[in-house]
Amino acid sequence: GENVEQHPSTLSVQEGDSAVIKCTYSDSASNYFPWYKQELGKRPQLIIDIRSNVGEKKDQRIAVTLNKTAKHFSLHITETQPEDSAVYFCAAGSSNTGKLIFGQGTTLQVKP
Amino acid sequence: GAVVSQHPSWVICKSGTSVKIECRSLDFQATTMFWYRQFPKQSLMLMATSNEGSKATYEQGVEKDKFLINHASLTLSTLTVTSAHPEDSSFYICSAGGTSGRSDEQYFGPGTRLTVT
């Protein structure tokens, strides 16, 4: 079945450094790749997404890259700040079904 | 726009009782809604896909007789946990399908914390 693998499970960086989270997916029909930030006890918040017709997308300090051939996509956060600390989830979806399959999550800690 | 609410935000119930959770799209009509379960420090696991006016599609391993889903209108889907047991204690989150012509986007509700004693 569909599967999304996410690494690392935990990531600790110094404030100002960059953070990179990587995901791989199995379903070749996936064409939508959102990233969510979730704080404890709250709903996932969409921070950026990318569709299969582009290879890279950037929004201020956040960027996402997609390699459809290798079925890899990554989240890059530059100039990290303590308020970036949270759990980040990648997901892979298909516009045919609308379903999203989530990765296992990455707990990011940004140390001041 | 694209606001999704859930009610209740938290609930405590006794083993053997049933609990209903409501998911509403407040400012748009959602043909499709999704129900997820999230255990502490774990990922969101899709339980079922709910389409307005038809039966829900359950993911493998999810008991449809235990987790009853109803999507009677374009703005409301309900999840009923029947004969709840302590192992059903979890964070239940719904989401509603995209509204701007993009069928892949999902908008999440705030979640419902269920504790079964």
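Coordinates for the structure precede this section.
Keep in mind that what you see is a predicted model, and the values were worked out from it rather than measured.

Q: Give me the overall build of chain A: which residues, what numbers.
A: When its secondary structure is counted, chain A shows 0 helices and 11 strands. Relative to a compact globule of 112 residues, whose C-alpha radius of gyration would be 13 Å, chain A shows 13 Å and is just as compact. In terms of its C-alpha atoms, chain A occupies a principal-axis envelope of roughly 40 × 30 × 20 Å. In chain A, which comprises 112 residues, the share counted as buried stands at 46%.

Q: Lay out unusual backbone geometry in plain terms, naming residues and giving numbers.
A: Here the bond from H7 of chain A into P8 of chain A is cis, since omega is -5°, no more than 30 degrees from zero. Assignment of secondary structure puts P8 of chain A in the loop between β1 (4–7) and β2 (10–14). Cis geometry marks the peptide bond from H7 of chain B to P8 of chain B; its omega dihedral reads 0°. Its place among the elements puts P8 of chain B in the loop between β1 (4–7) and β2 (10–13). With a phi angle near 55°, Q60 of chain A is a residue other than glycine that sits in the positive phi range. For Q60 of chain A, the position within the fold is in the loop between β6 (56–59) and β7 (62–67). Assessed through its relative accessible area of 72%, Q60 of chain A is described here as exposed.

Q: Tell me about the interface of chain B and chain A, residues and numbers included.
A: By a widespread convention, an interface's size corresponds to the accessible area lost as its parts come together. Counting residues at the interface gives 21 residues for chain B, matched by 18 residues for chain A. Taken as a group, S43, D104 and F108 of chain B account for 32% of the area that chain B buries against chain A, more than any other trio of residues on that side. Seen at the junction of chain B and chain A, the total is 2 salt bridges. Among the ionic pairs, E59 of chain B bridges to K99 of chain A, the shortest N-O distance being 3.1 Å. Between the two partners, chain B and chain A, sit 7 residue pairs in polar contact (both at pLDDT 80 or more). Residue assignment for the side of chain B that touches chain A shows that the elements contributing at least two residues are β4 (32–38), β5 (44–51), β9 (90–97) and β10 (106–108) of chain B. Among the residues making up the side of chain B that touches chain A, the classes are represented as 9 nonpolar, 7 polar and 5 charged.

Q: Let's hear about the state of the cysteines: which residues, and what values?
A: Residues and elements named next belong to chain B. Counted according to the given criterion, the structure contains 2 disulfides over all chains. Here C23 is linked by a disulfide to C94, with a sulfur-sulfur distance of 2.0 Å. Negative torsions about the S-S bond denote left-handed disulfides, and the value of about 80° found for C23 with C94 makes this one right-handed. With C23 in strand β3 (residues 19–25) and C94 in strand β9, the pair connects residues that are 71 residues apart, well separated along the chain. You'll find C23 and C94 in the same group, each marked buried.

Q: So what's going on with the sheet that holds β3 of chain B? Residues and values would help.
A: Residue and element names in this part refer to chain B. With antiparallel pairing, the 4 strands of this open sheet are ordered in space as β1-β3-β8-β7. Edge strands, defined here as strands with exactly one partner in the open sheet, are β1 and β7 (67–73). The average angle at which neighbouring strand axes cross in this sheet is 15°, direction not considered. The sheet contact formed by β7 and strand β8 (residues 76–81) spans 5 bridges and is antiparallel. Residue pairing in the sheet places S73 in a bridge with L76 of β8.

Q: Would you mind going over the pattern of salt bridges in detail, with residue names and values included?
A: Enumeration over the complete set of coordinates arrives at 8 salt bridges over all chains. With its nearest N and O atoms 2.9 Å apart, the salt bridge here joins R61 of chain A to D84 of chain A. Here R61 of chain A, found in the loop between β6 and β7, pairs with D84 of chain A, found in the loop between β8 (72–77) and β9 (86–93); they are 23 residues apart in sequence, far enough to count as distant. On the accessibility criterion, R61 of chain A (22% relative accessible area) is partly exposed. When its relative accessible area of 7% is taken as the criterion, D84 of chain A is described as buried. We note a salt bridge from E22 of chain B to R24 of chain B, for which the minimum N-O separation is 3.4 Å. When its relative accessible area of 24% is taken as the criterion, E22 of chain B is described as partly exposed.

Scoring rules and cut-offs
- Residues numbered from 1 in each chain as written.
- Chains lettered and ligands numbered in written order.
- Predicted model: local features only at pLDDT ≥ 70, side-chain atom pairs only at ≥ 80, totals over all residues.
- Heavy atoms only, no water.
- Helix = DSSP H or I, 4+ residues; strand = E, 2+ residues; numbered from the N terminus.
- Rg over C-alpha atoms; globule rule 2.2 N^0.38 Å.
- Buried < 20%, exposed > 50% of the residue type's maximum accessible area, 1.4 Å probe, protein only.
- Contact = heavy atoms within 4.5 Å.
- Buried area = accessible area lost by both parts, 1.4 Å probe.
- Salt bridge = Lys/Arg side-chain N within 4 Å of Asp/Glu carboxyl O.
- Polar contact = N/O pair within 3.5 Å; in protein donor to acceptor, adjacent residues only side chain to side chain.
- Nonpolar A, V, L, I, M, F, W, Y, C, P; charged D, E, K, R; others polar.
- Disulfide = S-S within 2.5 Å.
- Pairing = 2+ DSSP bridges.
- Axes fitted to C-alpha atoms, helices over the stretch in contact; angles between N-to-C directions.

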